[in-house]
Amino acid sequence: MVHSGINVLFEGSNFARLMAGLWTSIWIAAISLVIGLALGTIFGILRTLPNKFVRFILRLYLEFFRIVPTIVLLYLVYYILPRTFHVNWPATWMAVLAFALWVAAEFSDIVRGAIESVPKSQRESGLALGLSKIQLFRYVLLPQAVKLELPATINLATRVIKTTSLLMVISIMEVINVGQQIIEANNQQYPTGVFWVYGLIFIFYFVLDYPLSAWAKKLTKER
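Everything quoted here is computed from the prediction, not taken from an experiment.

Time to look at the overall build of the protein chain. Counting secondary structure elements, the protein chain contains eight helices and zero strands. When its helices and strands are written in sequence order, the protein chain yields α-α-α-α-α-α-α-α. A compact globule built from 223 residues should have a C-alpha radius of gyration of about 17 Å, whereas the protein chain, at 22 Å, is more than 25% larger. The dimensions of the protein chain, computed from C-alpha atoms along their principal axes, are 75 × 45 × 25 Å. Burial analysis of the protein chain (223 residues in total) assigns 40% to the buried set. When contacts within the protein chain are restricted to residue pairs at least 6 apart in sequence, long-range pairs at least 24 apart make up 79% of them. Within the structure as shown, the protein chain displays about 12,800 Å² of accessible surface, and the carbon and sulfur contribution to it stands at 67%. Separation between the mean location of the 19 positive side-chain charges and that of the 11 negative ones in the protein chain comes to 9 Å.

Shown next as structure tokens:
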């Protein structure tokens with residue numbers, strides 16, 4: 001009976017529900033990263049331009065997402081945005097919107113720092129060859145910036161995956177929310193079920209995040 005709590009994982013469709021919740025967390029994080037990284041690249045490039053007004057606006061945008069806690073951001077997007085602008089998207093896509101805007105803000109600073117870290121001699125050489133500003137970014141600055149920003153980008157990805165655990169506050173059936181429901185439904189029959197459910201969720205997040213974290217550390221050491 002000591003180990004009977006593990007049976008909660010295989011009672012009915014519990015394990016399948018946990019996997020479905022994990023998949024929800026993964027696809028929200030993945031789509032948010034794709035959209036956020038694309039927007040962040042554009043914003044990061046704009047932040048290196050001499051236009052002070054654009055740089056000021058994008059700096060405010062970055063600071064807003066750095067100051068506002070992610071859980072508050074989710075509440076704002078899920079509860080305030082629909083009422084104010086009549087946006088009636090499903091909760092999952094509202095989460096994608098919130099996460100994508102957050103990723104874009106964070107990644108814009110990574111891109112800006114990476115571009116500005118490229119030696120000035122590379123920029124001057126490109127201009128000397130007659131490259132336009134667009135060609136300079138495309139063929140000289142961005143390819144070198146990608147190598148510099150990769151470790152920070154991977155770390156950002158791990159943060160996004162971990163932060164999907166907050167999606168339960170807007171009633172999205174991600175893995176934490178599903179796990180909590182399973183625990184509450186089986187608490188009397190399996191009093192130690194909480195250990196096994198959250199233990200499995202820990203393994204899920206570890207399997208997703210640890211390889212990325214190790215990769216980022218390896219790249220940092222190689223630089």
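As a further point, take the packing of helix 1 (residues 14–46) against helix 6 (residues 133–163). With their axes 11 Å apart at the nearest point, helix 1 and helix 6 run at an angle of 140° to one another. Classed by the angle they form, the pair helix 1 and helix 6 counts as oblique. The interaxial crossing formed by helix 1 with helix 6 has right-handed handedness. Touching Ala29, Leu33, Leu37 and Ile45 of helix 1 are Phe137, Leu142, Thr153, Ala157, Val160 and Ile161, all from helix 6. Residue composition of the contact of helix 1 with helix 6, grouped by class: nine nonpolar, one polar and no charged.

As for its placement among the helices and strands, Ile170 is situated in the loop between helix 6 and helix 7 (175–185). Judged by its relative accessible area of 1%, Ile170 is buried. When sequence neighbours within four positions are dropped, the list of residues in contact with Ile170 reads Leu74, Tyr78, Tyr79, Ala91 and Ala95.

Let us now look at the packing of aromatic side chains. Per the stated rule, a full pass over the model turns up 11 aromatic pairs. Where Phe10 meets Phe15, the ring centres are 6.0 Å apart and the plane angle is 25°; that geometry is what we call stacked. Taking 5.5 Å as the distance between ring centres and 75° as the angle between the ring planes, the aromatic pair formed by Phe43 and Tyr61 counts as edge-to-face. Remark: Tyr61 occurs in helix 2 (residues 52–67) and Phe43 occurs in helix 1; sequence separation between them is 18 residues. Members of the aromatic cluster, connected to one another through ring pairs, are Phe43, Tyr61, Phe64 and Phe65.

Our next topic: the UniProt feature "transmembrane region" (unreviewed entry) in the protein chain. As recorded in UniProt, the sites labelled "transmembrane region" (unreviewed entry) are residues 20–46, 58–81, 87–105, 165–183 and 195–216. Across residues 20–46, helical content stands at 100% and strand content at 0%; the span's end C-alpha atoms are separated by 39 Å. Counting secondary structure, residues 87–105 comes out at 79% helix and 0% strand; the distance between its end C-alpha atoms is 22 Å.

Attention shifts here to a nonpolar patch on the surface. A surface patch of nonpolar side chains, about 560 Å² in accessible area, is lined by Phe64, Ile71, Val72, Tyr75, Leu76, Tyr79 and Ile80. Residue contributions to the nonpolar patch peak at six residues, all from helix 3 (residues 70–85). Within the secondary structure layout, Val72 lies in helix 3. Classification of Val72 by relative accessible area gives partly exposed; the value is 36%.

Take the nonpolar core next. By size, the foremost hydrophobic cluster in this structure holds 54 residues, and its most contacted members are Leu18 and Val175. Among the elements of the structure, helix 1, helix 2, helix 3, helix 4 (91–117), helix 6, helix 7 and helix 8 (193–222) are those that each provide at least two residues to this core. Ranked by residue count, the leading element in this core is helix 4, at 14 residues. Beyond its immediate chain neighbours, meaning those up to four positions away, Val175 contacts Leu18, Gly21, Leu22, Ser25, Ile201, Phe204 and Tyr205.

Let's shift gears to the environment of Phe65. Note that Phe65 resides in helix 2. Take Phe65: its relative accessible area is 8%, and that puts it in the buried class. Apart from the residues lying within four places of it in its own chain, the contact partners of Phe65 are Leu73, Leu101, Trp102 and Ala105.

The rules behind each value
Residues numbered from 1 in each chain as written. Predicted model: local features only at pLDDT ≥ 70, side-chain atom pairs only at ≥ 80, totals over all residues. Heavy atoms only, no water. Helix = DSSP H or I, 4+ residues; strand = E, 2+ residues; numbered from the N terminus. Rg over C-alpha atoms; globule rule 2.2 N^0.38 Å. Buried < 20%, exposed > 50% of the residue type's maximum accessible area, 1.4 Å probe, protein only. Contact = heavy atoms within 4.5 Å. Areas by Shrake-Rupley, 256 points an atom, 1.4 Å probe, with all protein chains shown as cover. Lys, Arg positive; Asp, Glu negative; His and termini not counted. Charge placed at Lys NZ, Arg CZ, Asp CG, Glu CD. Axes fitted to C-alpha atoms, helices over the stretch in contact; angles between N-to-C directions. Parallel < 35°, antiparallel > 145°, perpendicular 65-115°, else oblique. Left-handed = near helix turned anticlockwise from the far one by under 90°. Nonpolar A, V, L, I, M, F, W, Y, C, P; charged D, E, K, R; others polar. Phe/Tyr/Trp six-rings, centres within 6.5 Å; stacked < 30°, edge-to-face > 60°. UniProt positions renumbered as here; feature names shortened; annotations may be inferred. Patch = residues over 30% accessible without salt bridge, like charges linked within 9 Å, V, L, I, M, F, W, Y side chains within 5 Å. Salt bridge = Lys/Arg side-chain N within 4 Å of Asp/Glu carboxyl O. Core = buried A, V, L, I, M, F, W, Y, C linked by side-chain atoms within 4.5 Å.

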